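# What the coordinates show
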Amino acid sequence: MLLRLAQDPQLFLIVAIAFVVAISLHEASHALVATWLGDDLPRLQGRVTLNPLKHLDLLGTVMILIASFGWGRPVLVNPYRLRFGSRRGMALVAAAGPASNVILAMVLTPFARQLASGSGLDVVTIAVVLIIQLNLFLAVFNLIPLPPLDGFSVLVGLVPRDTADRLNSLRRFGPGLLIALFLVFAIVPGAAGIISRPVLWATSLLLGG
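Residues numbered from 1 in each chain as written. Predicted model: local features only at pLDDT ≥ 70, side-chain atom pairs only at ≥ 80, totals over all residues. Heavy atoms only, no water.

On the secondary structure map, Gly 60 appears in helix α4 (residues 58-67). Among the residues examined, Gly 60 registers a relative accessible area of 0% and is labelled buried. Along the backbone, Gly 60 and Val 107 are 47 residues apart, and their C-alpha atoms lie at a distance of 26 Å. (Helix = DSSP H or I, 4+ residues; strand = E, 2+ residues; numbered from the N terminus. Buried < 20%, exposed > 50% of the residue type's maximum accessible area, 1.4 Å probe, protein only.)

The structure is reproduced here in structure tokens:
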């Protein structure tokens, strides 16, 4: 499918747009849950919206166009204004992003099944399946418990406070740790399987493949 994506400009455009939608949904979900939990900062910054212009990062958008992978602009949240405490509140805000991508994948699943049963592997069918996989990929990748990914904030919200305090000291190393993660994926054979295997399993579960 990835080879087909690279060779088909129409399919590439569909998936690029889908990536923009998925990222916008992801970031808007962070903003919505933070607002629901009592922090009005995301609303004041105009982030409680699905408008992609409010969520896209310039470099992340360029990467979508040239590499079919990108990222959005992080939603700024004041953790001390969240209900349930700063740690658990931030855990809920963080979990909202990946959850939104899983929900979108589930919503698209019946359409993918219907298309596959009626027309086989045409461009539209392949595009919908890729969009489902893309959203599952975003969910799984962002749940890796490594700063600055969402999974790290979820982990901090679940462990005891003293452990959370020690973990929070790692946040300043977040960009370096993320680069190191990408290097491991690129260099170590099979390392990317920690993402690809759950994505393929979830895709098979949803689509019945």
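Right, picking up where we left off after that structure.
Here the focus is helix α6 (residues 123-142). Relative to the 28 Å expected for 20 residues at 1.5 Å per residue, α6 spans 28 Å between its end C-alpha atoms, a close match to the ideal helical length. The buried fraction of α6 is high, at 17 of 20 residues. (Expected span 1.5 Å × (residues − 1).)

Further remarks concern the side chain of Glu 27. Mapped onto the secondary structure, Glu 27 falls in helix α2 (residues 9-36). No salt bridge is formed by the buried Glu 27, whose closest oppositely charged neighbour, Arg 47, lies at an N-O distance of 4.2 Å. (Lys, Arg positive; Asp, Glu negative; His and termini not counted. Salt bridge = Lys/Arg side-chain N within 4 Å of Asp/Glu carboxyl O.)

Taken together, the side chains of Ile 179, Leu 183, Val 184, Ile 187 and Val 188 make up a nonpolar region of the molecular surface, amounting to roughly 460 Å² of accessible area. Within the secondary structure, Val 184 is located in helix α9 (residues 174-187). (Patch = residues over 30% accessible without salt bridge, like charges linked within 9 Å, V, L, I, M, F, W, Y side chains within 5 Å. Areas by Shrake-Rupley, 256 points an atom, 1.4 Å probe, with all protein chains shown as cover.)

So, about the packing of aromatic side chains. One pass over the structure, following the stated rule, counts two aromatic pairs. With 5.9 Å between their ring centres and 10° between their planes, Phe 137 and Phe 141 make a pair best called stacked. Note that Phe 137 and Phe 141 are positioned in helix α6 at a spacing of four residues, about one turn of the helix. Here Phe 137 falls in the partly exposed class, since its relative accessible area comes to 25%. Owing to a relative accessible area of 6%, Phe 141 belongs among the buried residues under this scheme. Here the aromatic rings of Phe 141 and Phe 182 are separated by 5.8 Å at their centres, their planes lie at 20°, and the arrangement is stacked. (Phe/Tyr/Trp six-rings, centres within 6.5 Å; stacked < 30°, edge-to-face > 60°.)

Right, let's talk about the nonpolar core for a bit. Counting residues in each nonpolar core, the largest one holds 21 residues, and the members touching the most others are Ile 132, Leu 136, Phe 141, Ile 144, Leu 181, Phe 185 and Ile 195. Of all the secondary structure elements, the ones that give two or more residues to this core are α5 (86-119), α6, α9 and α10 (193-207). The element best represented in this core is α6, accounting for six residues. Not counting residues up to four positions away in its chain, the partners in contact with Phe 141 are Leu 149, Leu 178, Leu 181, Phe 182, Phe 185 and Ile 195. (Core = buried A, V, L, I, M, F, W, Y, C linked by side-chain atoms within 4.5 Å. Contact = heavy atoms within 4.5 Å.)

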